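Chain residues, written in single-letter form:
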Amino acid sequence: MMGTVFDVSRFAAEKTPFYYYDLALLGKTLEALNKARQKYGYHVHYAFKANANDRILEMIRAAGLGADCVSGNEVKKAIQLGFDPKQVVFAGVGKSDEEIIAALEFGIFCFNCESLPEIEVINELAAARGLVASIALRINPNVDAHTHKYITTGLEENKFGINPYEFEEVLTRVKDLEHIRLNGLHFHIGSQITDLTPFKNLCLRVNEINHWFLQKGYDLPVINVGGGVGINYREPDKEAIIDFEAYFKVFHDFIQLRPGQQLHFELGRAVVAQCGSLVSRVLYVKNGINTNFAILDAGMTELIRPALYQAFHKIENISNTAFADMKYDVVGPICESSDCFGKAVNLPLTKRGDLMVIRSAGAYGEVMSSRYNLRDETRAVYSV
Ligand SMILES: *Cc1c(COP(=O)(O)O)cnc(C)c1O
């Protein structure tokens, strides 16, 4: 399936840099996702932290997905935009009292809890309001996601989740907490996982843990396996929409659910990454000792992933469609050496004023932008 087509003449009048969102592609992605999940009866919550742009969120809500939030403000935004509170989950290792209270008052579906002290605080705050909080235990399954170390979350050494050696203690305590209802188990092993094997390994761990809880007398209605399925950054047009069917099938094949047990997912990147591109103009081309620099008017303030995670994004010159027979280091204007989008990037002869697109930037792009160096607010332009 073909990805985004860029209309250079339409961009000519736009002030750069800006995010360009291909909403038709987002619509097709949501259709493919819904078709695949409905086949198995799975529930999907969209991870707000990947992209919290209103236009995008509205399409996602209209497609019937739930909301996976990691802050009180994300929970508030979900409710404001009309997401059903019964489809809102709230995760995070450091939920503040204020955030917990807001989520309790909205009556969200589930708090994904990461420690016993957190569960105690939720119990206390719920008790003070005469409410019962429905929670899932975020479990650290010790499954290696084989992704970048900053986006691996499911290993014992990470700060996330409750470790199996703590289960007994947690259950003993939770039994006495009258304003807590333990309703599920939650897992999330990392992000940008492109090989499906870690998900198979996750299923096998989930089966063991699910069985352990049953033996302790907990037949929990919800299993939430998080998100993290990766996308193709190298060839965004070859794989504009991931194979959701193959992804869900791994869970269908390897996870053992009991009758009535629901399977939930939290997907961020796979929903929104390919529909967004960062569009920028070349300010200067400068010759270096070993290389030429193409200096853009976009920088790490608009898209920090390359600087933060050494992430790869495909870069294209859409003003010159000639053969890419030159190499440039493509950099931004910010006063940091890490403000570099790509080294030795194959490009055609590139000059001042050319429009450049940085592809697959719809996830963890606009939402992570900052005003460092007092840069302008990041803008967005839409395909329709
Ligand atoms: C970030 C996050 C997700 C989404 O991850 P993606 O890689 O964008 O799919 C899901 N669940 C939790 C708990 C997260 O922190």
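Keep in mind that this is a model prediction, so the values were computed, not measured.

**Some remarks on the site of the ligand**
Argument step 1. Every one of the 14 residues lining the ligand counts as a neighbour, but Lys49, Ser191, Glu266, Arg269 and Tyr364 are closest to it.
Argument step 2. Starting from 390 Å² of accessible surface for the ligand in isolation, the protein chains cover 94%.
Argument step 3. Looking at the shell around the ligand, its residues break down into three nonpolar, six polar and five charged.

**Structural notes on the packing of aromatic side chains**
Argument step 1. Tallied over the full model, the rule gives 22 aromatic pairs.
Argument step 2. Each ring, one from Phe11 and one from Tyr20, has its centre 4.9 Å from the other, and the planes form 70°; the classification is edge-to-face.
Argument step 3. The exposure class assigned to Phe11 is buried, which follows from its relative accessible area of 0%.
Argument step 4. On the basis of relative accessible area, Tyr20 is assigned to the buried category, the value being 7%.
Argument step 5. Seen in terms of ring centroids, Tyr19 and Tyr21 are 6.1 Å apart; in terms of plane orientation they differ by 10°. Their pairing is stacked.
Argument step 6. Each member of the aromatic cluster is reached from another via a ring pair, and the members are Tyr40, Tyr42, Phe199, Tyr247, Phe248, Phe251 and Phe265.
Argument step 7. Taking NZ or CZ as reference, Lys95 lies 5.5 Å from the ring centre of Phe90, over its face.
Argument step 8. Above the plane of the ring of Phe312 lies Arg234, whose end atom (NZ or CZ) is 3.8 Å from the centre.

**Thoughts on the layout of surface pockets**
Argument step 1. By volume, the second largest pocket amounts to about 430 Å³.
Argument step 2. Considering the residues around the second largest pocket, the lining is formed by 23 residues, among which Phe312, His313, Lys314, Ile315 and Val345 are closest to the centre.
Argument step 3. For the lining of the second largest pocket, the elements supplying multiple residues, two or more each, are helix H11 (305–309), strand E12 (315–317) and strand E14 (340–347).
Argument step 4. In terms of residue count, the dominant contributor to the lining of the second largest pocket is E14 (seven residues).

**Points about unusual backbone geometry**
What is expected of a backbone is that most residues other than glycine have negative phi and most peptide bonds are trans.
Argument step 1. In this chain, Thr16 is followed by Pro17 through a cis amide linkage whose omega measures -5°.
Argument step 2. Within the fold, Pro17 resides in the loop between helix H1 (8–11) and strand E1 (18–21).
Argument step 3. At Ala344, a position not held by glycine, the phi torsion is positive, near 50°.
Argument step 4. Looking at the secondary structure, you find Ala344 in strand E14.

**Quick notes on empty space enclosed by the protein**
Over the atoms a probe the size of a water molecule is rolled, and this reveals where empty space is left.
Argument step 1. The tally for this structure, following the rule as stated, stands at one cavity of 30 Å³ or more.
Argument step 2. Roughly 40 Å³ of volume is contained in the largest cavity.
Argument step 3. Lining the largest cavity, in full, are Leu25, Thr29, Ile231, Ala240, Arg269, Ala270, Val271, Val272, Ala273, Gln274 and Cys275.
Argument step 4. When residues of the lining of the largest cavity are traced back to their parent elements, those giving at least two are helix H2 (23–40) and helix H10 (269–272).
Argument step 5. Looking at which element gives the most residues to the lining of the largest cavity, the answer is H10, with four residues.
Argument step 6. For the lining of the largest cavity, the class distribution of residues is eight nonpolar, two polar and one charged.

**Here we look at the pattern of salt bridges**
Argument step 1. Taken as a whole and judged by the stated rule, the model has 18 salt bridges.
Argument step 2. We note a salt bridge from Glu245 to Lys39, for which the minimum N-O separation is 3.0 Å. Taken as a pair, Glu245 in helix H9 (residues 244–254) and Lys39 in helix H2 lie far apart in primary sequence, 206 residues in all.
Argument step 3. Assessed through its relative accessible area of 56%, Lys39 is described here as exposed.
Argument step 4. Three or more residues joined by partner-sharing salt bridges are found here, namely Asp237, Lys314, Glu316 and Arg359.

**A closer look at the nonpolar core**
Argument step 1. With 104 residues, the main nonpolar core has Phe111, Phe213, Phe248 and Phe251 as its most contacted residues.
Argument step 2. Looking at this core, you find at least three residues from each of domain 1 (23–273) and domain 2 (274–382).
Argument step 3. When residues no more than four places from it in sequence are discounted, the contact partners of Phe251 are Tyr42, Phe199, Leu202, Cys203, Val225, Leu263 and Phe265.
Argument step 4. Formed by nine residues, the second largest nonpolar core is a distinct cluster that contains Phe6, Phe18, Tyr20 and Ile318.

**Let's talk about the environment of His179**
Argument step 1. The topology assignment puts His179 in the loop between helix H7 (167–175) and strand E7 (180–186).
Argument step 2. In this structure the C-alpha to C-alpha distance between His179 and Lys15, which are 164 residues apart in sequence, comes to 53 Å.

**Some thoughts on the sheet that holds strand E5 (residues 110–113)**
Argument step 1. If you trace the eight strands once around the closed barrel, you get E2-E3-E4-E5-E6-E7-E8-E9, paired in parallel fashion. Each adjacent strand pair in this sheet contributes to an overall mean axis angle of 30°, direction not counted.

**With respect to the domain arrangement of the protein**
Argument step 1. With domains assigned, the protein is organised as domain 1 (23–273) and domain 2 (274–382).
Argument step 2. For domain 1 versus domain 2, the distance between C-alpha centres works out to 33 Å.
Argument step 3. The interface is formed by 24 residues belonging to domain 1 together with 21 residues belonging to domain 2.
Argument step 4. Between domain 1 and domain 2, the buried area comes to about 2,100 Å², and carbon and sulfur atoms account for 54% of it.
Argument step 5. The tally of links between domain 1 and domain 2 comes to one salt bridge.
Argument step 6. Between Arg359 and Asp237 there is a salt bridge whose closest N-O contact spans 2.9 Å.
Argument step 7. Sorting elements by how many residues they give to the side of domain 1 that touches domain 2 places H2 first, with three residues.

Rules of the game
- What you see as residue numbers is a count from 1 along each chain, following the sequence as written.
- The predicted nature of this model means local features are confined to residues of pLDDT at least 70 and side-chain atom pairs, given and counted, to a pLDDT of 80 or more, with totals for whole chains, interfaces and linings taken over all residues.
- Hydrogens and waters are ignored; side-chain quantities use all the structure's heavy atoms.
- The cutoff for a nearby residue is simple: one of its non-hydrogen atoms must lie within 4 Å of the molecule or strand.
- We get accessible surface area from the Shrake-Rupley algorithm with a probe of 1.4 Å; when it comes to residues, only the shown protein chains can shield them.
- The nonpolar class holds Ala, Val, Leu, Ile, Met, Phe, Trp, Tyr, Cys and Pro. Asp, Glu, Lys and Arg form the charged class, and all remaining residues, Gly among them, are polar.
- We call Phe, Tyr and Trp rings a pair once their centres come within 6.5 Å, taking the six-membered ring for Trp, and we label the pair stacked below 30 degrees between planes, edge-to-face above 60, and tilted otherwise.
- Any residue under 20% of the maximum accessible area for its type is buried, any over 50% is exposed, and the rest in between are partly exposed; the area is computed with a 1.4 Å probe on protein chains only.
- Remark: a charge is flagged as sitting over a ring if the NZ atom of Lys or the CZ atom of Arg is within 6 Å of the ring centre and within 35 degrees of the ring normal.
- The definitions used throughout rest on a 1 Å grid laid over the protein atoms alone, on which a cavity is an enclosed set of points accommodating a 1.4 Å probe that cannot get out and a pocket is an open set flanked by protein within 12 Å on both sides along at least five of seven lines; lining residues are those having an atom within 4 Å of a point.
- Grid points are joined across faces, edges and corners, and a volume is the space filled by probe spheres set on the points.
- In this text, helices come from DSSP runs of H or I with a minimum length of four residues, and strands from runs of E with a minimum of two, each type numbered from the N-terminal end.
- Each salt bridge in this description consists of a side-chain nitrogen of Lys or Arg and a carboxyl oxygen of Asp or Glu lying within 4 Å of one another.
- Side-chain atoms within 4.5 Å are what join buried Ala, Val, Leu, Ile, Met, Phe, Trp, Tyr and Cys residues into a set we call a nonpolar core.
- Where each domain starts and ends comes from a domain assignment, either automatic or drawn from a database.
- Only heavy atoms matter for contacts: two residues are in contact if any of them lie within 4.5 Å across the pair.
- For two strands to be treated as a pair, DSSP must find no fewer than two bridges joining them.
- An axis is simply a line fitted to the C-alpha atoms; with a helix, the fit covers only the stretch in contact. Between two such axes, the angle follows the N-to-C directions and lies from 0 to 180 degrees.
- Throughout, buried area stands for the accessible area (probe radius 1.4 Å) lost by two parts on being put together, summed over both.

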